[in-house]
Amino acid sequence: MLEKALTGSRRYWIWIFALLAITGIGFIFYLKQLSYGLGITGMSRDVSWGLYIGQFTFLVGVAASAVMVVLPYYLHNYKVFGKITILGEFLAVPSVVMCMLFIFADMGQPMRFMNIFLHPTPNSVMFWDAMVLGGYLLLNIVVGWAVLGAERKDVPPPNWVKPFIYLSIAWAPSIHIVTAFLYSGLPGRDFWLTAIMAVRFLASAFASGPSLIIILCLIVRRFTKFDPGREAIQALGKIVTYTMILNVLFLGFEFFTAFYSRIPGHMHTFEYLYYGIEGYGRLIPLMWTSAILAVFSLILLINPATRRNEKTLAMASAAVFMSLWIEKGFGLVVGGFIPNPFEKITEYWPTMPETVITIGVWAIGFLILTVLYKIAVSVREETVGIEVDR
Amino acid sequence: MSISRREFLKIAGASAIFGLGGMAIINEITDDIEASQFSPGPDALIAKRWAMVVDMRKFKTEEDYRKIIEACHSIHNVPDFGNPKDEIKWIWTDTFEHAFPGQEHEYMEEKLKRMPFVLLCNHCDNPPCVRVCPTKATFKRKDGIVMMDQHRCIGCRFCMAACPFGARSFNWRDPRGKDDKGRPFIKEENKEYPTRTKGVVEKCTLCFERLAKGLKPACVEASNGALIFGDLKEPNSEVRKVLSTNYTIRRKAELGTMPSVFYIIG
Ligand code: SF4
Ligand code: SF4
Ligand code: SF4
């Protein structure tokens with residue numbers, strides 16, 4: 001089926017080459033980082049994780065969110081999602097690949113990557129994270145490929161994939177729960193030390209992922225003959241609405257615990273992020289942008305008229321995605337380190353090389369996404385009008 | 001250090017059976033494996049549980065602090081990059097409110113508030129840095145020393161996020177290199193102690209290499225009795241005597257990491 005990615009319009013190829021060029025530039029900067037060391041980034045002794053790990057954390061959520069289309073379809077036989085399950089599954093693949101690349105970019109000794117598997121350490125959450133991520137990637141490639149292959153031949157997917165589909169449904173939340181445990185099990189980092197970290201992660205994942213799928217569906221419909229269906233997009237809109245409400249609520253709960261208890265350690269990071277401490281407040285504009293986008297998206301989503309209108313739904317989805325990208329891809333990780341264990345403040349801001357490498361990884365993600373979607377859409381275009389009963 | 005396949009299966013099996021509750025057992029198993037590789041020489045200093053007491057009453061001048069920091073950093077080839085962003089330190093000083101956050105109050109004696117406290121890795125009994133390390137590059141020996149295996153560290157910096165004491169440093173750049181003016185980051189290399197590469201984490205290892213030769217840690221030696229070092233499990237040891245006759249505090253005891261560095265304030 002891969003050959004389907006090799007034929008395309010002029011626009012398709014311009015897009016592909018643009019992404020390749022960005023990837024190339026990112027790679028050149030990565031080589032620079034390899035030779036100089038991670039000192040090329042804005043990270044320091046006090047803020048020892050930054051943009052890379054933030055992106056990883058955010059993208060794990062996007063990867064996990066595929067389950068939001070796969071689950072209703074396979075477990076509840078929700079036929080409307082029939083056309084887009086493949087889009088969900090194929091979104092998971094580049095997301096996990098990007099997660100792995102960000103981890104790789106963040107390692108001081110990337111050549112020793114295999115040490116995680118050579119010296120398996122069951123007491124380290126990171127070991128389990130590597131395991132569940134790898135497993136999830138394989139599951140989605142296998143399932144996506146098998147389902148699409150069957151669709152192309154107009155036959156129901158083979159029976160052997162069914163167990164893998166159910167497994168992937170159970171597996172998806174686990175990748176995000178385990179990632180949340182990376183943070184929520186650390187002593188002395190009060191901002192992360194919260195039992196609702198895992199559910200917060202799930203809520204934000206199930207809001208940001210489906211909102212991206214909505215946008216992708218609209219793009220696919222605009223540029224190809226494949227129509228994911230209005231009803232499917234509307235159903236996704238409802239999912240985003242409820243999960244985003246939960247997400248905002250959970251953040252509110254964290255605020256309550258911190259500020260009603262008035263325990264200094266629990267208040268400090270929130271103060272730093274939203275008001276600034278001792279004149280430090282580099283993240284304030286970002287965090288407020290995130291908050292405003294969240295409110296804006298909720299207004300559009302909760303109001304049925306604007307949710308039903310695809311234009312405003314697209315705006316709401318973009319707002320959700322941006323808001324959560326800031327909150328999880330940046331504020332959550334960086335904030336955890338500020339103030340440091342000595343209650344001193346060291347600020348963090350990504351450097352230019354760090355940003356270019358990050359954009360490069362995103363370009364690889366979009367490249368894989370484009371190729372996979374091209375294949376899926378081409379197969380779909382061929383079988384347009386034929387409904388297969390799976 | 002390297003664990004055999006069988007041992008891994010044992011660990012994996014144990015973790016599957018006991019789930020998170022089995023963690024303690026796993027720690028036991030890995031402790032044994034890791035401890036076995038060190039065979040101390042005939043004169044080695046041996047203890048069941050090493051500990052240190054910092055007697056702040058004995059620090060009088062800047063020089064007293066400088067001496068012990070210098071002793072450690074010079075023999076261990078700790079680089080000086082000359083900027084806080086890349087900084088690496090094994091032993092250093094900070095004020096009371098930073099060393100013991102949450103314990104200070106507005107009406108405290110000014111002198112105590114401003115007094116520089118000697119800080120280093122606490123060699124915690126229950127070290128979170130060891131718990132989170134995905135490669136066992138940081139591990140705890142039976143005698144309580146929390147060790148670093150720089151050849152195994154992948155530089156993920158999970159341990160830095162986990163250590164609540166800011167005791168770990170990362171080599172953001174090559175410590176063997178030179179600055180713009182051609183000055184090496186390691187001023188005078190001690191050939192007897194390895195240098196590190198970029199991309200790994202490092203910290204105080206309680207001078208395990210000196211203990212193996214029968215010597216006390218370099219900072220203890222340079223401290224003129226202000227740092228007291230010994231076996232916590234030995235009722236007659238000097239540390240135990242000091243601990244039983246003085247009021248001592250530990251950093252962030254409420255976190256349950258059980259630091260093995262104690263402070264006599266005065
Ligand atoms: S002080 Fe930090 S680095 Fe040292 S043992 Fe405790 S947790 Fe680990
Ligand atoms: S940075 Fe090195 S020592 Fe620290 S957790 Fe990662 S592998 Fe272990
Ligand atoms: S015990 Fe040794 S390694 Fe640790 S601070 Fe003292 S001199 Fe340095």
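The preceding data block contains the structure.
Note that the structure is a prediction, hence the values are computed from the model and not measured. Numbers given to residues run from 1 along each chain, matching the order in which its sequence is written. Just so you know, chain letters begin at A and ligand numbers begin at 1, following the order they were written in. Per-residue local features are limited, in this predicted model, to residues with pLDDT of at least 70; the limit for side-chain atom pairs, both in listing and counting, is 80 or more; totals at the level of whole chains, interfaces and linings are taken over all residues. Processing note: side-chain calculations cover all non-hydrogen atoms of the structure and skip hydrogens and water entirely.

A. Inspection of the site of ligand 1 at higher detail. Whether a residue is near a molecule or strand depends on its heavy atoms: it is near if one of them lies within 4 Å of it. Contacts to ligand 1 come from B:Cys121, B:Asn122, B:His123, B:Cys124, B:Pro127, B:Pro128, B:Cys129, B:Val146, B:Cys163, B:Phe165, B:Arg168 and B:Lys203. Throughout, the ten residues Ala, Val, Leu, Ile, Met, Phe, Trp, Tyr, Cys and Pro are labelled nonpolar, Asp, Glu, Lys and Arg are labelled charged, and all others, Gly among them, are labelled polar. Its residues placed into classes, the shell around ligand 1 shows eight nonpolar, two polar and two charged.

B. Representation of the packing of aromatic side chains. Only centres within 6.5 Å qualify two rings of Phe, Tyr or Trp (six-membered ring in Trp) as a pair; their planes then separate them into stacked at under 30 degrees, edge-to-face at over 60, and tilted for everything else. The final tally for this structure, using the stated rule, is 42 aromatic pairs over all chains. Seen in terms of ring centroids, B:Trp50 and B:Phe229 are 4.5 Å apart; in terms of plane orientation they differ by 15°. Their pairing is stacked. Placement of the pair is B:Trp50 in strand β1 (residues 50–55) and B:Phe229 in strand β8 (residues 227–231), with a sequence separation of 179 residues. Judged by its relative accessible area of 5%, B:Trp50 falls in the buried class. On the accessibility criterion, B:Phe229 (5% relative accessible area) is buried. Relative to B:Tyr65, the ring of B:Phe59 has its centre 4.7 Å away and its plane inclined at 15°; by these criteria the two rings are stacked. B:Tyr65 shares its class with B:Phe59; the two are buried. Each member of the aromatic cluster is reached from another via a ring pair, and the members are A:Trp49, A:Tyr183, A:Trp192, A:Phe201, A:Phe337 and B:Phe158. Helix and strand assignments come from DSSP, with helices taken as H or I runs of at least 4 residues and strands as E runs of at least 2, each series counted from the N terminus. Exposure categories follow from relative accessible area, calculated using a 1.4 Å probe and restricted to protein chains: below 20% of the type maximum is buried, above 50% is exposed, and the middle band is partly exposed.

C. Main features of the interface of chain B and chain A. By the convention used here, residues are in contact when the closest approach between their heavy atoms is within 4.5 Å. Each side of the interface is counted separately: chain B has 53 residues, and chain A has 40 residues. Summed over both sides, the interface of chain B with chain A buries roughly 4,000 Å², with 56% coming from carbon and sulfur. Accessible area that two parts lose when put together, evaluated with a 1.4 Å probe and summed over both, is termed the buried area. Three residues stand out in chain B for area buried against chain A, namely B:Ile154, B:Phe158 and B:Trp172, and they jointly supply 17% of the buried area on that side. Salt bridges are identified by distance alone: a Lys or Arg side-chain nitrogen within 4 Å of an Asp or Glu carboxyl oxygen. Counting every contact that joins chain B to chain A gives two salt bridges. A:Asp106 is the partner of B:Arg157 in a salt bridge, and the nearest nitrogen-oxygen pair spans 2.6 Å.

D. View of helix α3 (residues 62–75) of chain B. Residue and element names in this part refer to chain B. Counted at 1.5 Å a residue, the expected span for α3 with its 14 residues is 20 Å, and the 20 Å between its end C-alpha atoms agrees. When α3 is considered as a whole, its buried residues turn out to be Asp-64, Tyr-65, Ile-68, Ala-71, Cys-72 and His-73. In the core, the buried residues of α3 are packed alongside β2 (91–95), β3 (116–120), α9 (218–221) and β8. Positive backbone phi, at 55°, marks Asn-77, one or two positions downstream of α3. Under the convention used throughout, the expected extent of a helix is 1.5 Å for every residue step, that is, one less than its residue count.

E. Molecular detail of helix α9 (residues 230–261) of chain A. Relative to the 46 Å expected for 32 residues at 1.5 Å per residue, α9(A) spans 47 Å between its end C-alpha atoms, a close match to the ideal helical length. Within two residues after α9(A), A:Arg262 carries a phi angle of roughly 60°, on the positive side.

F. Broad picture of the nonpolar core. Nonpolar cores were defined as sets of buried Ala, Val, Leu, Ile, Met, Phe, Trp, Tyr and Cys residues, with membership established by side-chain atoms within 4.5 Å. A:Trp49, A:Phe56, A:Phe81, A:Tyr183 and A:Trp192 are the most contacted members of the largest nonpolar core, which has 149 residues in total. No other element matches the 14 residues that helix α8 (residues 197–223) of chain A contributes to this core. Each residue touching A:Trp192, except ones within four places of it in the same chain, is listed here: A:Trp49, A:Tyr183, A:Ser184, A:Leu186, A:Met197, A:Leu332, A:Val333, A:Gly336, A:Phe337 and B:Ala161. Judged by nonpolar contacts, the second largest core, of 47 residues, contains B:Ala47, B:Cys72, B:Val118 and B:Met147.

G. Main features of unusual backbone geometry. Between A:Ile338 and A:Pro339 the backbone carries a cis peptide bond, its omega angle lying at -5°. Within the element layout of this structure, A:Pro339 appears in the loop between α13 (310–336) and α14 (352–382). Residue A:Glu343 is not a glycine yet carries a positive backbone phi of 55°. Structurally, the position occupied by A:Glu343 is in the loop between α13 and α14. Residue classification places A:Glu343 among the partly exposed residues on the basis of a relative accessible area of 33%. You will see that B:Cys207, though not glycine, has its phi angle at about 50°, which is positive. Mapping B:Cys207 onto the fold places it in the loop between β7 (201–202) and α8 (208–211).

H. Spatial organisation of the pattern of salt bridges. All chains considered together, the criterion is met by 21 salt bridges over all chains. A salt bridge links B:Arg141 to B:Asp143; the shortest N-O distance between them is 2.8 Å. Using a relative accessible area of 10% as the deciding quantity, one classes B:Arg141 as buried. Its relative accessible area of 11% is what places B:Asp143 among the buried residues. The residue B:Lys191 makes a salt bridge to B:Glu189 at a minimum N-O spacing of 3.9 Å. A relative accessible area of 72% means that B:Lys191 is categorised as exposed. In this structure B:Glu189 comes out as partly exposed when scored by relative accessible area, which is 43%. Connected through shared salt-bridge partners, A:Arg221, A:Asp227, A:Arg230 and A:Glu310 make up one network.

I. Structural context of the side chain of B:His98. Summarising the element assignment, B:His98 is placed in helix α4 (residues 96–99). Residue contacts for B:His98: discarding those within four places in its chain leaves A:Pro341, A:Phe342, A:Glu343 and A:Lys344.

J. Focus on a nonpolar patch on the surface. Residue and element names in this part refer to chain A. Residues Met-114, Phe-117, Leu-118, Trp-128 and Met-131 make up a contiguous nonpolar surface patch of about 470 Å² in total accessible area. Secondary-structure elements contributing two or more residues to the nonpolar patch are α5 (115–118) and α6 (125–152). Relative to the helices and strands, Met-131 resides in helix α6. By definition, no residue in a patch forms a salt bridge, and every one has over 30% relative accessible area; like charges are joined within 9 Å, nonpolar side chains (Val, Leu, Ile, Met, Phe, Trp, Tyr) within 5 Å. Per-residue and other accessible areas follow the Shrake-Rupley method at a 1.4 Å probe size, with only the shown protein chains counted as cover for residues.

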